[in-house]
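Observations on the three-dimensional arrangement
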Amino acid sequence: MSTETISASALRAFVKALFVKQGATDADALVIADSLVGADLEGVSSHGVMLLPMYVDRVKAGSMRLSASAEIVDDLGGLVVMTANHAPGQVSAQEAVGIAIERARVHGMATVTVREAGHFGAGAYWARQMAAQGMVGMAFSNTRPLMPAPGGAKPLVGNNPLCMAFPSQQGLPVIVDMAMSASAMGKIRMADIKGESIPLGWATDASGKDTQSPAEAIKGMLLPAAGPKGFGLAVAIELLCGALSGGGIASQVKPLFGDPAEPYNCAHTFIAIDASRLNGGRGIGQQVDNLANVIRHSEKAPGIERVYAPGDLERSRRAQHNDQCCLSADLVTRLRELAQANDVAFVF
């Protein structure tokens with residue numbers, strides 16, 4: 001498939017201008033743009049600008065409310081419950097992460113959970129912000145039902161991603177970011193766009209039969225990572241987000257690429273642990289670096305050039321891309337059409 005290389009700075013400016021055109025504030029539009037373009041720079045294109053057409057459809061249909069703001073509905077000091085009021089997920093997440101950091105500095109740790117939320121992009125974008133403040137940062141989200149219970153043939157819970165970021169003295173946080181399915185739905189959508197097949201074990205068709213067709217997988221079910229273990233973790237995250245916030249659980253969360261007029265209604269939970277105050281104020285950065293370096297310098301299997309600690313691969317991709325995003329030609333065409341339809345400049 002042909003690709004086009006676009007300046008990340010220019011792409012970020014375009015995304016920001018597109019959301020400002022829809023009625024977002026400069027600050028809100030910038031955090032949405034930075035989140036999406038950052039994912040493309042790190043090679044996580046399933047959470048990048050491929051989402052723009054769907055986001056804009058939701059804005060126009062009213063399920064993503066650019067004028068809405070998040071509100072605190074329960075405040076227990078180190079535990080805060082918010083409603084996003086169906087604002088963009090990145091906007092409510094930015095506010096929630098700020099509160100989590102602020103409260104963790106007071107209480108040692110804090111949990112902020114958000115209901116009536118929207119898609120917030122890649123979880124690493126939020127957990128990394130907490131790690132930059134010397135904290136262990138965690139970000140969780142539930143999604144619409146995508147995975148069956150082991151042995152089942154009906155989707156019951158989402159693939160419910162989690163991200164944990166651990167602060168590093170060297171400035172290279174260890175970041176574990178993953179969904180509870182064998183693969184994220186976004187990767188399957190990307191394979192569908194590119195006309196590629198998917199590996200067996202990623203998903204089933206609507207009847208529960210294993211498939212390599214991304215089109216069938218989109219209509220079917222994702223398979224949990226590590227079978228019952230992945231499903232169990234997905235259930236735990238479902239409750240950590242939906243139950244803790246008083247928000248949507250299971251089928252109460254709607255399809256992200258479904259009816260754009262129907263709010264997504266997912267829930268998020270952010271946890272910050274102020275590790276900077278431990279070890280006499282030295283924090284845990286040295287221990288994080290020590291373990292990461294043990295991983296990086298461990299013996300390599302035949303044919304392997306480099307062993308990565310969690311988070312290294314995404315940093316390496318960002319450095320290699322050198323402020324350039326490589327997008328499929330089809331996606332670039334869709335972005336140009338989006339720009340023209342919304343009277344926003346798209347000059348690349």
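All of the points below concern the structure found in this document. Each chain carries its own residue numbering, running from 1 in the direction its sequence is written. Thresholds applied to this predicted model are a pLDDT of at least 70 for local features of residues and 80 or more for the giving and counting of side-chain atom pairs; totals over whole chains, interfaces and linings are not thresholded and use all residues. The side-chain quantities take in all heavy atoms of the structure and omit both hydrogens and water.

Take the state of the cysteines next. The rule for a disulfide is simple: a pair of cysteine sulfur atoms within 2.5 Å. Scanning the entire structure with this criterion turns up zero disulfides. For Cys241, which is in no disulfide, the shortest distance to another cysteine sulfur is to Cys266 and amounts to 8.2 Å. Exposure is judged per residue with a 1.4 Å probe applied to protein chains only, and the accessible area is read against the type maximum: over 50% gives exposed, under 20% gives buried, and values in between give partly exposed. For Cys241, a relative accessible area of 0% corresponds to the buried category.

For any two aromatic rings, the description comes down to two numbers: the centre-to-centre distance and the angle of the planes. Centres within 6.5 Å make a pair out of two Phe, Tyr or Trp rings, where for Trp the six-membered ring is used; the pair is then stacked when the planes are under 30 degrees apart, edge-to-face when over 60, and tilted otherwise. Using the criterion set out here, one finds five aromatic pairs in the structure. Centre to centre, the rings of Phe14 and Phe346 are 4.8 Å apart; their planes meet at 80 degrees, and the pair counts as edge-to-face. Of this pair, Phe14 sits in helix H1 (residues 8–22) while Phe346 sits in the segment after helix H11 (329–341), and the two are 332 residues apart along the sequence. According to the relative accessible area criterion, Phe14 is buried, its value standing at 3%. What makes Phe346 buried here is its relative accessible area of 13%. Here the aromatic rings of Phe19 and Tyr55 are separated by 6.4 Å at their centres, their planes lie at 70 degrees, and the arrangement is edge-to-face. Of the two residues, Phe19 sits in helix H1 while Tyr55 sits in helix H3 (residues 52–61), which places them 36 residues apart along the sequence. This pair shows no difference in class: Phe19 is buried, exactly as Tyr55 is. Taking NZ or CZ as reference, Arg189 lies 4.0 Å from the ring centre of Phe257, over its face. Comment: elements are numbered from the N terminus, with helices defined as DSSP H or I runs of at least four residues and strands as E runs of at least two. Should the NZ of a Lys or the CZ of an Arg lie within 6 Å of a ring centre and within 35 degrees of the ring normal, that charge is described as sitting over the ring.

This brings us to the pairing of strand S5 (residues 136–141). It is a general feature of regular strands that their side chains alternate between the two faces of the sheet. A large share of S5 lies buried, amounting to six of its six residues. By definition, two strands form a pair when at least two bridges between them are found by DSSP. In this structure, S5 lies alongside strand S13 (residues 266–273), joined through six bridges in antiparallel fashion. From the neighbouring strand, Phe140 faces S13, where its bridge partner is Thr269. Alignment of S5 against strand S8 (residues 162–166), held across four bridges, turns out to be antiparallel. From the neighbouring strand, Met138 faces S8, where its bridge partner is Met164.

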